[in-house]
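Descriptive structure summary
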Amino acid sequence: MNFIRYPQPSQWPQLLARPVMDLREIEARVAPILQQVRQQGDDALRAFTLQFDKVQLGDLRVPAAEMAEAETLVSPELKAAIGLAKANIETFHRAQLAGQPERITTQPGVVCWRKSVGIEKVGLYIPGGSAPLFSTVLMLGVPARLAGCREVVLCTPANRAGKVHPAILYAAAQVGITNVFKVGGAQAVAAMAYGTGSIARVDKIFGPGNQYVTAAKQLVNKEGIAIDMPAGPSEVAVYADDSSNPVFVAADLLSQAEHGPDSQVILVSTSEAAIQRAAEEVLRQLEALPRKEIARQALSHSKAFLVTGEDEALRL
């Protein structure tokens with residue numbers, strides 16, 4: 001990380017500039033993929049899967065046997081962690097379920113109320129390449145089930161052996177998702193937006209992804225397909241004082257840095273010693289990360305700021 005001592009407020013905007021994706025070139029690459037999937041359906045999905053993921057697929061759907069096999073491949077420790085996360089997510093989202101809608105008479109004979117209903121068909125995109133985000137299955141699948149969505153489609157890329165990461169399949173089973181397809185990238189977004197022979201057209205697409213997935217979501221959104229939000233580069237800002245645990249500070253910073261080389265992490269402190277301890281711990285934990293080369297690239301343009309006081313730290 002770049003260590004910056006006592007920067008002047010006039011320097012803050014430049015020092016804190018966020019990474020920005022230039023989508024124009026990416027959209028030019030993604031648009032033909034969307035068009036080909038729209039026209040050729042499953043055949044286009046198989047062709048793009050072979051081109052981008054280097055795997056030749058027959059049936060795009062994950063079969064029941066592979067779903068069952070996944071349960072045997074997930075460790076008891078990870079199953080327990082997934083179960084705990086699922087319970088916490090359910091507790092949070094169950095509290096969002098509205099009770100009976102309040103009816104308001106605005107004038108005689110005119111009664112108004114607001115009622116929340118689940119979206120009928122939703123599509124979930126789950127990254128599964130360099131980082132299989134099984135946690136996202138829970139964060140999207142649990143509220144979809146609680147809301148009463150009638151059809152949930154999950155798309156995620158397969159590995160070169162044609163298999164989906166078992167933790168993704170186990171998490172999907174835990175939230176009752178059975179429509180799982182071995183399709184990733186922009187072509188998966190196109191499949192859920194337009195529908196193919198295998199994959200149903202959905203009303204709204206959820207889930208993070210790389211810049212090509214983000215561009216695809218934004219392009220289909222222009223055609224009237226609802227999306228959650230375009231995902232940008234990951235970022236985090238941590239304020240740490242002398243009481244901070246450097247192990248926790250480093251873990252928080254690295255959890256975002258490992259998302260991608262364009263991720264940005266910021267550490268702010270009034271204590272040079274706290275920054276030094278955290279920086280040493282970042283280097284120690286970095287060596288144990290499976291994605292350490294990606295995190296290392298992100299750290300190369302990330303920053304640690306030493307400031308004069310807590311008020312200044314919070315303003316920064």
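Structure's up top.
Conventions and cut-offs
Residues numbered from 1 in each chain as written. Predicted model: local features only at pLDDT ≥ 70, side-chain atom pairs only at ≥ 80, totals over all residues. Heavy atoms only, no water. Helix = DSSP H or I, 4+ residues; strand = E, 2+ residues; numbered from the N terminus. Buried < 20%, exposed > 50% of the residue type's maximum accessible area, 1.4 Å probe, protein only. Contact = heavy atoms within 4.5 Å. Phe/Tyr/Trp six-rings, centres within 6.5 Å; stacked < 30°, edge-to-face > 60°. Lys NZ or Arg CZ within 6 Å of the ring centre and 35° of its normal. Pairing = 2+ DSSP bridges. Axes fitted to C-alpha atoms, helices over the stretch in contact; angles between N-to-C directions. 1 Å grid on protein atoms, 1.4 Å probe; cavity = no way out; pocket = protein on both sides within 12 Å on 5 of 7 lines; lining within 4 Å. Points joined across faces, edges and corners; volume = space filled by probe spheres on them. Nonpolar A, V, L, I, M, F, W, Y, C, P; charged D, E, K, R; others polar. Core = buried A, V, L, I, M, F, W, Y, C linked by side-chain atoms within 4.5 Å. Right-handed = clockwise from strand over helix to strand, strands pointing away.

**Quick word on the environment of Arg160**
Inspection of the secondary structure assignment puts Arg160 in the loop between β5 (151–155) and α7 (166–174). Accessibility expressed as a relative area gives 66% for Arg160, which makes it exposed. Apart from residues no more than four positions distant in its own chain, Arg160 is found in contact with Asp53, Lys54 and Val55.

**Focus: the packing of aromatic side chains**
Summed over the entire model, instances satisfying the criterion amount to one aromatic pair. Directly above the aromatic system of Trp113 lies the positively charged group of Arg103, at a separation of 4.0 Å from the ring centroid.

**Some points on the sheet that holds strand β6 (residues 179–181)**
With parallel pairing, the five strands of this open sheet are ordered in space as β6-β5-β4-β7-β8. The outermost strands of the open sheet, each flanked by one partner alone, are β6 and β8 (226–227). One ladder, built from three bridges, connects strand β4 (residues 121–125) with strand β7 (residues 204–206); its direction is parallel. Paired with Leu124 across the strands is Phe206, a residue of β7. Across the sheet, helix α8 (residues 185–194) is in contact with β4, β5 and β7; its angle to β4 comes to roughly 175°.

**Considering the pairing of strand β2 (residues 104–107)**
When a strand is regular, its side chains alternate between the sheet's two faces. Examined bridge by bridge, β2 and strand β3 (residues 110–112) share three bridges and lie antiparallel to one another. Across the sheet, the residue bridging to Gln107 is Val110, located in β3. Here β2 folds back onto β3 in antiparallel fashion, the turn holding two residues, of which Gly109 has a positive phi close to 90°.

**Some words on the layout of surface pockets**
Volume-wise, the largest pocket comes out at about 1100 Å³. Considering the residues around the largest pocket, the lining is formed by 37 residues, among which Pro127, Gly209, Asn210, Gln211 and His259 are closest to the centre. Elements represented by at least two residues in the lining of the largest pocket include exactly α2 (23–40), α3 (42–53), α8 and α9 (211–222). Looking at which element gives the most residues to the lining of the largest pocket, the answer is α9, with four residues. For the lining of the largest pocket, a count of residues per class yields 17 nonpolar, 15 polar and five charged.

**A word on the sheet that holds strand β11 (residues 303–306)**
Ordered in space as β1-β11-β10-β9, the four strands form an open sheet in which the pairing is parallel. Each edge of the open sheet is held by one strand with a lone partner, namely β1 (2–5) and β9 (235–239). The average undirected angle you get between the axes of adjacent strands in this sheet is 15°. Two strands pair when backbone bridges link them, and strand β10 (residues 264–269) and β11 are joined in this way by four bridges, in the parallel orientation. Within the sheet, the bridge partner assigned to Val268 lies in β11 and is Phe305. The strands touched by helix α10 (residues 246–257) are β9 and β10; relative to β9, the strand with the most contacts, the crossing angle is about 165°.

**Quick word on the nonpolar core**
Of all hydrophobic cores here, the largest spans 35 residues; its most connected members are Val30, Leu34, Cys155, Met192, Ile199, Ile205 and Val220. Broken down by secondary-structure element, the contributors of at least two residues to this core are α2, α3, β5, α8 and α9. If one sorts the elements of this core by residue count, α8 sits on top with eight residues. Those residues in contact with Ile205 that lie beyond four places of it in its chain are Gly123, Val189, Met192, Ala193, Lys217, Val220, Ile225, Ala226, Ile227 and Asp228.

**Things to note about the pairing of β10**
With six of six residues buried, β10 is to be regarded as a mostly interior element. Side-chain alternation along β10 places Gln264, Ile266 and Val268 on one buried face and Val265, Leu267 and Ser269 on a second face that is also buried. Relative to β10, β9 runs parallel, the two sharing five bridges. Looking at the pairing, Glu235 lines up with Gln264 of β10. Once you follow β9 into α10 and on to β10, the crossover reads as right-handed.

Note that all results are geometric; they support no functional claim without further evidence.
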